Amino acid sequence: MAASSTLQPDILVAADDALDSDLGESLASDTTSLESQVRDYVYENGRRFHGYKAGKYVLPNDETEQDRLDLLHHIYLMVLGGDLHLPKINPNPQAILDVGTGTGIWAIDMADKYPGATVIGCDLSPIQPGWVPTNCKFEVDDIEDNWTWDRKFDFVHSRGMAQAVHDWKRYLGQMYDHLLPGGKFQLTESEGIIHSDDNTITPGCPLEFYFQRFQAALVLAGIPDPCSSLEQYAKDAGFVNVVCVKKKLPWGGWPKDPRQKELGRWALAILETGFKAYGLALFTRYLKMDERDAQALCDGAFKNMHDRKVHAYNFHWYVYGEKPMEGEKA
């Protein structure tokens with residue numbers, strides 16, 4: 001079926017006087033349950049990373065990163081008007097999967113919202129809380145391995161996996177195979193490209209240079225930004241009624257619109273640690289930068305964001321759809 005895409009208009013800039021500077025069962029199994037206490041962490045560039053399949057994922061998992069992820073969850077709730085998902089799902093789902101669950105905050109919220117469903121969150125890092133709803137559980141797993149769940153799901157949710165998935169066609173294929181007929185999926189990704197509608201990101205500035213290096217490192221790591229291809233990947237996997245929504249997230253309190261201004265302030269808060277979370281491992285591992293140079297590049301980009309004349313934003317992509325019913329053509 002034809003895809004449906006929506007895109008926001010330009011974000012209006014506030015008048016100068018309104019601008020602000022707010023700144024499994026055993027370690028041998030394919031799937032290892034959280035209870036197995038897989039806590040083998042590794043440390044790099046002053047940050048803590050997952051130990052299970054160490055080096056595969058480029059973002060840290062320490063407390064600083066966990067705080068950033070929870071703030072990002074708050075931003076997504078604001079963007080979606082408090083909703084946890086865009087597609088309308090079965091009002092009485094039995095099984096929900098959250099792939100790359102991170103701190104588990106989305107899975108926990110879904111378990112509260114749908115108490116009759118079993119909600120499973122999986123991640124390379126066992127950083128989720130121990131006290132969770134009885135219908136929520138977490139597993140340590142590599143989602144690029146063969147998926148071993150013996151049940152099919154009503155809804156599969158995937159967020160922030162752009163720097164984790166090397167083969168999106170296989171990833172979407174496994175997602176398709178593990179959904180019930182009529183089951184829904186949603187991908188949510190933050191595009192690693194910076195934009196400005198009024199050309200306030202000057203050529204050669206630290207922010208532009210950061211993203212040039214960032215994109216180059218992603219290619220070397222085998223994880224180029226997938227956002228513009230997600231809709232097609234989903235259709236190629238066999239999903240129907242695929243919808244693609246692009247939303248702008250301003251970086252800083254420069255927008256005129258009060259809601260966009262608030263979102264921008266929250267975005268600036270997560271960027272305080274976000275530049276280093278996304279960049280340090282990529283720059284040192286793949287661009288072979290010295291740690292001090294990599295730190296300086298990240299610091300320069302964030303400092304650039306304090307310039308209230310810079311009206312930067314990026315796109316957040318929401319792609320969702322459903323597995324066709326038996327006998328229905330994709």
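Computed from a prediction, not measured in an experiment: that's the story for all the values here. (Residues numbered from 1 in each chain as written. Predicted model: local features only at pLDDT ≥ 70, side-chain atom pairs only at ≥ 80, totals over all residues. Heavy atoms only, no water.)

(A) Seen up close, the pattern of salt bridges. On inspection of all chains with the given rule, the structure shows twelve salt bridges. A salt bridge links Asp142 to Lys56, with the nearest nitrogen and oxygen atoms 2.6 Å apart. Here Asp142, found in the loop between β7 (136-140) and β8 (153-159), pairs with Lys56, found in the loop between β4 (47-49) and α1 (63-79); they are 86 residues apart in sequence, far enough to count as distant. The class for Lys56 is partly exposed, based on a relative accessible area of 26%. The salt bridge partner of Glu65 is Arg68, with a shortest N-O separation of 2.7 Å. Taken together, the residues Glu65 and Arg68, both in helix α1 and three residues apart, mark about one turn of the helix. Residue Glu65 shares its accessibility class with Arg68, and that shared class is buried. (Salt bridge = Lys/Arg side-chain N within 4 Å of Asp/Glu carboxyl O. Helix = DSSP H or I, 4+ residues; strand = E, 2+ residues; numbered from the N terminus. Buried < 20%, exposed > 50% of the residue type's maximum accessible area, 1.4 Å probe, protein only.)

(B) Examining the packing of helix α6 (residues 258-285) against helix α7 (residues 291-305) more closely. Packing of α6 against α7 brings their axes to within 9 Å, and their N-to-C directions diverge by 150 degrees. One finds that α6 runs roughly antiparallel with respect to α7. The chirality of how α6 crosses α7 is right-handed. Residues Leu268, Leu271, Glu272, Phe275, Lys276, Leu280, Phe283 and Thr284 of α6 lie in contact with α7, whose contacting residues are Glu291, Ala294, Gln295, Leu297, Cys298, Asp299, Ala301, Phe302 and Met305. Of the residues in the contact of α6 with α7, the class split is eleven nonpolar, two polar and four charged. (Axes fitted to C-alpha atoms, helices over the stretch in contact; angles between N-to-C directions. Parallel < 35°, antiparallel > 145°, perpendicular 65-115°, else oblique. Left-handed = near helix turned anticlockwise from the far one by under 90°. Contact = heavy atoms within 4.5 Å. Nonpolar A, V, L, I, M, F, W, Y, C, P; charged D, E, K, R; others polar.)

(C) Layout of the pairing of β7. Counting buried positions along β7 yields four of five residues, so the element is predominantly enclosed. Two strands pair when backbone bridges link them, and strand β6 (residues 118-123) and β7 are joined in this way by five bridges, in the parallel orientation. Note that in β7 the partner of Val119 across the bridge is Cys136. (Pairing = 2+ DSSP bridges.)

(D) Region of the structure containing the packing of aromatic side chains. Enumeration over the complete set of coordinates arrives at 19 aromatic pairs. Seen in terms of ring centroids, Tyr210 and Phe214 are 6.1 Å apart; in terms of plane orientation they differ by 15 degrees. Their pairing is stacked. Of this pair, Tyr210 and Phe214 both sit in helix α4 (residues 206-221), separated by four residues, roughly a single helical turn. Here Tyr210 matches Phe214 in class, with each residue buried. On the numbers, 5.8 Å between centres and 40 degrees between planes, the contact of Phe211 with Trp251 is tilted. With Phe211 in helix α4 and Trp251 in the loop between β10 (240-250) and α6, this residue pair connects regions lying 40 residues apart in the sequence. (Phe/Tyr/Trp six-rings, centres within 6.5 Å; stacked < 30°, edge-to-face > 60°.)

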